[in-house]
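A closer look at the structure
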Amino acid sequence: MDPDQIDQTVHITSFAPSVPQDGSKAQLVILRGPERGRVIELHGSTVNIGRRLDNQVVLFSASISKYHAMIESDGNHHHLRDLGSTNGTTLNQTRLPADQSAELHHGDMICIGDHHLLYCQAGEMAHLTALLDVRFDADEVQKEVDALLNDFPALKPRPEPDA
């Protein structure tokens, strides 16, 4: 296993697992993507997501459409809607049909292009403090992999035959 393939540290330094002071009731936390660790407060009845600067949430990536998705609020609940994006939007590994919305629940995983976003509701985030600093020691992981391969030689990758 190549140690470079292991996400060694995830820092979510600005993640505040408490009710935000500004009145927002929900947040998105970027778990995968160029801005990993960024926390986005959801304000207003509509939050547009895309790569154009006139969106409320701008995600810089070629895999994101100019106007990719939106999150709508009725005051009590949030709903995710794909805006006919090129690469689609998934909610908990299910692709959303264009222009159909799905209700968001605390802990839902949203995939927009190459970004993975965690939807969190205020007051429900106290148990997520473990996300503040998740560390993996690449050397220790490699030792564990080597030990498993030693104990179970059948798991070792076979060399590919010469073409």
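In what follows, the structure referred to is the one given above.
What you see is a predicted model, and the numbers here were worked out from it, not measured in a lab.

With that out of the way, let us pick up the environment of Val47. With respect to the helices and strands, the residue Val47 is situated in strand S4 (residues 46-50). Classification of Val47 as buried rests on a relative accessible area of 4%. Between the C-alpha atoms of Val47 and Met70, which are 23 residues apart in sequence, the distance is 5.5 Å. Setting aside residues no more than four positions away along its own chain, Val47 makes contact with Leu42, Gln56, Val57, Ala69, Met70 and Ile71.

Per the counting criterion, the structure on display carries 3 salt bridges. Linking Asp54 and Arg52 is a salt bridge whose minimum nitrogen-to-oxygen distance equals 4.0 Å. Overall, the relative accessible area of 39% leaves Arg52 in the partly exposed class. The shortest N-O distance in the salt bridge between Arg81 and Glu72 comes to 3.3 Å. Relative accessible area serves as the criterion here: at 21%, Arg81 is assigned to the partly exposed category. On the basis of relative accessible area, Glu72 is assigned to the partly exposed category, the value being 24%.

Right, let's get into a nonpolar patch on the surface. On the surface, Leu148, Phe152 and Leu155 cluster together into a nonpolar patch covering about 320 Å² of accessible area. You can see Phe152 is positioned in the segment after helix H1 (138-151). Judged by its relative accessible area of 47%, Phe152 falls in the partly exposed class.

Formed by 21 residues in total, the largest nonpolar core has its most connected members in Leu28, Ile71, Leu80, Ile110 and Ile112. At the level of elements, strand S2 (26-32), S4, strand S6 (69-73), strand S11 (109-112) and strand S12 (115-121) are the ones that each hand at least two residues to this core. Each residue touching Ile110, except ones within four places of it in the same chain, is listed here: Leu28, Leu80, Thr89, Thr90, Leu91, Leu104, His115, His116, Leu117 and Tyr119.

Attention now goes to the sheet that holds S6. The sheet built from 5 strands is open, its strands ordered S5-S4-S6-S7-S10 with mixed pairing. Two strands bound the open sheet, and with one partner strand each, they are strand S5 (57-58) and strand S10 (101-103). Across 3 bridges, the pairing between strand S7 (residues 78-82) and S10 is antiparallel. Bridge assignment links Arg81 to a residue of S10, and that residue is Ser101.

Next up on the list: the pairing of S7. Every regular strand shows the same layout, with side chains that alternate between the two sheet faces. With burial as the criterion, only one face of S7 is covered, namely that bearing His78, Leu80 and Asp82; the residues His79 and Arg81 on the opposite face remain uncovered. Sheet topology note: the S6/S7 ladder contains 5 bridges and is antiparallel. Directly across from Met70, in S7, lies its bridge partner Arg81. Connecting S6 to the next strand, S7, in antiparallel fashion are 4 residues, including Gly75 with a positive phi near 100 degrees.

So, how was this worked out
Residue positions within a chain follow its written sequence, with the count starting from 1. In view of the model being predicted, local features appear only for residues whose pLDDT reaches at least 70, and side-chain atom pairs are presented and counted only at 80 or more, with totals across whole chains, interfaces and linings using the full set of residues. Only hydrogens and water are set aside; all other atoms, that is, all heavy atoms of the structure, feed into the side-chain values. Every helix listed is a DSSP run of H or I at least four residues long, and every strand listed is a run of E at least two residues long, numbered separately from the N terminus. For the exposure calls, accessible area comes from a 1.4 Å probe over protein chains only, and a residue counts as buried if that area is under 20% of its type's maximum, exposed if over 50%, partly exposed in between. Should any heavy atoms of two residues lie within 4.5 Å, those residues are considered in contact. For this document, the term salt bridge refers to a Lys or Arg side-chain nitrogen within 4 Å of an Asp or Glu carboxyl oxygen. Patches here: salt-bridge-free residues with over 30% relative accessible area, like charges joined within 9 Å, nonpolar side chains (Val, Leu, Ile, Met, Phe, Trp, Tyr) joined within 5 Å. Where accessible areas are quoted, they stem from the Shrake-Rupley method and a 1.4 Å probe; at the residue level, only the protein chains shown are allowed to cover. Here, the term nonpolar core denotes a set of buried Ala, Val, Leu, Ile, Met, Phe, Trp, Tyr and Cys residues that are joined through side-chain atoms within 4.5 Å. A pair of strands is considered paired only if DSSP assigns at least 2 bridges between the two.

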